[in-house]
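# Examination of the molecular architecture
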Amino acid sequence: MLKTTTTARYLFLVVFIIIGLHSILSFTHEDYGRVTSFKNIAAHLPWSEPSLDPVPAEYFDHASDLPAAHPGSLMSRRANASILMLARNSDVNDAVRSVRRLEDRFNKKFGYPWVFLNEEPFSEEFKTRISNVINGEVSFGQIPHEHWYQPDWVDEDKAKASRDQMVADNIIYGGSVSYRNMCRFNSGFFYRHPLLQQYKWYWRVEPDVHFHCDIDFDPFLYMEDHNKTYAFTITMYEFRATIPTLWDTVKDFTKKHPEYIAPNNAMGYMSDDGGDSYNLCHFWSNFEIASMDFWRDEAYTKFFEHLDRTGGFYYERWGDAPVHSIAVSLFANKDQIHFFDEIGYEHNPYIHCPRGEGSWARGKCDCDVKRNFVALTRWSTRHRWRWGSGNVEGDIAEIVEEGKAQVTSNKGNTVTRNAREGDPAVKITRKGNDVVKLAHELNEVKEAE
Ligand SMILES: Nc1nc2c(ncn2[C@@H]2O[C@H](COP(=O)(O)OP(=O)(O)OP(=O)(O)O)[C@@H](O)[C@H]2O)c(=O)[nH]1
Ligand SMILES: [Mg+2]
C-alpha cells in the first residue's frame with residue numbers, strides 16, 4: 001500500500017515536471033511552442049484557404065433542373081465517372097444501406113454508374129440485392145489474383161512475426177492479412193481493374209457509411225472544372241505503429257525523384273518540420289472523390305512500386321490512407337486538393353457535417369454540426385473549443401496522439417485520458433482548471449460567438 005502511494009507520488013512528480021517543462025518551453029522557446037502547439041500549426045498552414053472554397057451556386061441551380069425520374073437523361077454535361085465500392089459478400093446488408101443512402105441523397109438525380117469489386121465472385125444474393133436499390137447502371141467485378149493476394153516475394157516468416165508482434169501490441173487489424181491485402185489493393189491496384197479503365201473519376205464508398213445531406217450538385221464536374229485532383233471530407237491522424245518506416249521510404253523516393261514533386265505541393269499539411277518527419281495527418285480515404293489519372297500517371301506508378309518493393313504493406317501495416325495522402329500532397333499542387341464541406345458524411349465513429357454559410361439548411365442535412373471531428377481544424381484558423389453541453393471554452397495546448405494525456409487540476413488532482421487510434425487526447429488550457437478530452441468530444445467555437 002505504502003509502495004503504491006510512493007510510486008504514484010513519484011509518477012505524479014515526473015508528470016508534473018514534464019508538464020511544467022512543456023509549459024516553460026512553450027512560452028520561452030519559440031520553436032518548441034510552434035511544433036507542439038496545435039493552434040499554431042493550424043494557423044500557419046499556408047494552404048488552408050484554397051481548399052475551403054465552397055461549391056459555387058451555379059452548380060446547384062443546374063442540379064435542381066434535373067428530372068429525378070430520368071436519371072441523367074437531360075443532363076447537358078456529365079463527367080466520366082463511376083461510384084466504386086470494394087466489398088465482401090458478407091458485407092451485403094451494410095453495402096445495401098450505403099448504396100441506398102447515396103442513391104437517395106445524390107445519385108437518383110445524376111445516375112452515375114456503380115462498380116463493385118471483390119476478390120471472390122459476388123454471390124447472386126449480393127448482386128440481386130444491390131441491383132434492387134440502384135436505378136442506373138451497375139457492374140460487379142472480380143479482382144485479379146495478382147492484384148490482391150500477398151506476393152510470393154514477401155517473406156511470410158518475417159510478415160508473420162510482425163503480425164504477431166502487432167497483435168501483442170494490440171494494434172487494430174494488426175494480425176490481419178486480408179486487411180493488408182485490402183490496403184495494398186486500394187493503394188496501388190483498384191484503378192487498374194478492367195471495369196474501371198473507361199473512367200477517369202471515382203467516388204469511393206464503403207459499406208455502412210452515411211450521407212447526411214442532399215448533394216444537389218455534381219462533385220465530379222466541380223472538380224473537373226476547377227482542376228481538382230483529390231477531394232476529402234474528413235482528416236485523421238495515422239497510428240504510428242502501423243507505418244514505422246513509411247516516411248523514410250517516402251524520403252528515399254523523393255531524393256531519387258525530385259522531378260515528381262509539385263512546385264506548389266502540400267508538404268506543409270504532412271510535416272511540421274519541412275519534411276523531416278511525418279505528422280501522421282492524412283485524408284480519411286474511406287471517402288474519396290478523385291481522378292484515377294493521378295494514380296495511373298508515372299509519378300504515382302513509380303512511387304507505389306517503390307513502396308511496394310519494400311514489403312511494408314505486409315512487414316508493417318501501411319494503410320492506403322497515408323499512402324494516398326502523402327502522394328497527393330507531394331505530387332499534386334495544393335489547390336488541386338479539395339475539401340467538400342457540402343457533403344455530409346459519416347463513417348463510424350466520425351462525421352463531417354457541413355459548416356459553410358447556409359450549407360446545412362440547403363442540403364436538408366440530418367446531422368449535428370456539433371459532432372464534427374476535430375482534426376478538420378488543420379483547414380481552419382479557428383481555434384476555440386467547447387465540450388459537453390456547457391459553455392466552458394479553452395485553447396488547445398497539446399495533442400497527444402499515442403498514449404496518455406494528463407493534466408493537473410487546481411486542487412492537485414490528475415485527470416488522464418488515453419488517446420485512441422484516430423482520436424487523440426487533447427490537453428486544453430483555460431482560466432480555472434485545465435482539462436483533457438478526447439478529440440471527438442470537442443466542438444469548435446465559431447469566431448463570431
Ligand atoms: N472484397 C473484400 N473487401 C474488403 C476486405 N476487407 C475489407 N474490404 C473492404 O475494404 C474497405 C475497407 O475495409 P474496412 O473493413 O471498412 O476497413 P476500415 O474502414 O479501415 O475499418 P472499419 O473501421 O472497420 O470500417 C471496405 O469497403 C470493405 O468492404 C476483404 O477481405 N475483401
Ligand atoms: Mg470502413
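Structural data are supplied above this passage.
Below is a short write-up of the structure. (Residues numbered from 1 in each chain as written. Chains lettered and ligands numbered in written order. Predicted model: local features only at pLDDT ≥ 70, side-chain atom pairs only at ≥ 80, totals over all residues.)

What follows covers the overall build of the chain. Counting secondary structure elements, the chain contains 17 helices and 19 strands. Evaluated residue by residue, the chain yields a buried proportion of 38% over its 449 residues. Long-range contacts, defined as pairs at least 24 residues apart, comprise 76% of the intrachain contacts of the chain with a sequence gap of at least 6. (Helix = DSSP H or I, 4+ residues; strand = E, 2+ residues; numbered from the N terminus. Buried ≥ 20, exposed ≤ 12 C-beta atoms within 10 Å, placed from the backbone. Contact = placed C-beta atoms within 7 Å.)

The next thing to look at is the site of ligand 1. Around ligand 1 sit Leu86, Ala87, Arg88, Asp91, Asn118, Glu119, Ser178, Met182, Glu206, Pro207 and Asn286, and those are all the residues in its vicinity. The residue inventory of the shell around ligand 1, partitioned by class, reads 4 nonpolar, 3 polar and 4 charged. (Near = placed C-beta within 6 Å. Nonpolar A, V, L, I, M, F, W, Y, C, P; charged D, E, K, R; others polar.)

A word on helix α5 (residues 92–110). Along its 19 residues, α5 runs just 24 Å from first to last C-alpha, ending more than 12% under the 27 Å computed at 1.5 Å per residue. Downstream of α5 by a residue or two, Gly111 has a phi angle that is positive, lying close to 65°. (Expected span 1.5 Å × (residues − 1).)

A word on the packing of α5 against helix α6 (residues 124–131). Direction vectors running N to C along α5 and α6 enclose 20°, while the axes themselves pass 10 Å from each other. In terms of orientation, α5 lies roughly parallel with respect to α6. Here α5 runs over α6; the crossing is right-handed. The segment α5 lies against α6, with Val92, Ala95, Val96 and Val99 engaging Glu125, Phe126, Arg129 and Ile130. Partitioning the contact of α5 with α6 into residue classes produces 6 nonpolar, no polar and 2 charged. (Axes fitted to C-alpha atoms, helices over the stretch in contact; angles between N-to-C directions. Parallel < 35°, antiparallel > 145°, perpendicular 65-115°, else oblique. Left-handed = near helix turned anticlockwise from the far one by under 90°.)

Attention now moves to the sheet that holds strand β6 (residues 230–232). Within the open sheet, the 7 strands sit side by side as β3-β2-β1-β4-β9-β6-β10. Their pairing is mixed. Sheet topology places β3 (138–142) and β10 (337–339) at the edges, where each strand pairs with a single neighbour. Put simply, the sheet's adjacent strands are angled 20° from each other on average, direction ignored. (Pairing = 2+ DSSP bridges.)

Where helix α9 (residues 177–188) meets helix α16 (residues 320–331), the axes come as close as 8 Å, and the angle between the chain directions of the two elements is 20°. Looking at the two axes, α9 sits roughly parallel to α16. Along this stretch, α9 crosses α16, giving a crossing that reads as right-handed. Together, Cys183, Asn186 and Ser187 of α9 and Asp320, Val323 and His324 of α16 make up the contact between the two elements. Of the residues assigned to the contact of α9 with α16, the class counts are 2 nonpolar, 3 polar and 1 charged.

This part is about the environment of Val323. Topologically, Val323 is positioned in helix α16. For the pair Val323 and Ser187, spaced 136 residues apart in sequence, the C-alpha separation works out to 6.6 Å.

Here we come to the sheet that holds strand β5 (residues 210–211). Spatially, the 3 strands line up as an open sheet ordered β5-β11-β12, and their pairing is antiparallel. Each end of this open sheet is capped by a strand with a single partner; those strands are β5 and β12 (350–352). Note that β5 and strand β11 (residues 345–347) share 2 bridges and pair antiparallel. Bridge pairing links Phe211 to Tyr345 in β11.

Among the nonpolar cores identified, the biggest contains 85 residues, and Leu84, Tyr202 and Ala327 are the most heavily contacted of them. Residues within four places of Leu84 in sequence aside, it is in contact with Val115, Phe190, Tyr202, Trp203, Arg204 and Val205. Core analysis: the next-biggest nonpolar cluster, separate from the first, contains 10 residues, Val407, Ala419, Val436 and Ala439 among them. (Core = buried A, V, L, I, M, F, W, Y, C linked by C-beta atoms within 7 Å.)

Our focus in this paragraph is unusual backbone geometry. Geometrically, the link from Asn348 to Pro349 is a cis peptide bond, its omega value of 5° lying close to zero. Mapped onto the elements, Pro349 comes out in the loop between β11 and β12. Of note, Tyr173 is a non-glycine position whose phi angle comes to about 60°, a positive value. Within the secondary structure, Tyr173 sits in the loop between α8 (156–168) and α9. The exposure class of Tyr173 is partly exposed, given the 19 C-beta atoms found within 10 Å. Even without glycine at this site, Leu280 takes up a positive phi of about 80°. With respect to the helices, strands and loops of the structure, Leu280 is situated in the loop between α12 (267–270) and β8 (281–283).

Counted residue by residue, strand β2 (residues 114–118) has 4 buried out of 5 residues, so it is predominantly covered. The sheet contact formed by strand β1 (residues 81–86) and β2 spans 4 bridges and is parallel. Its bridge partner being in β2, Leu86 is matched across the sheet by Leu117. For the crossover from β1 across α5 to β2, the handedness is right-handed. Taking the sense of rotation as the criterion, the β-α-β connection linking β2, α6 and β3 turns out right-handed. (Right-handed = clockwise from strand over helix to strand, strands pointing away.)

Function cannot be inferred from these measures alone, as they are strictly geometric.
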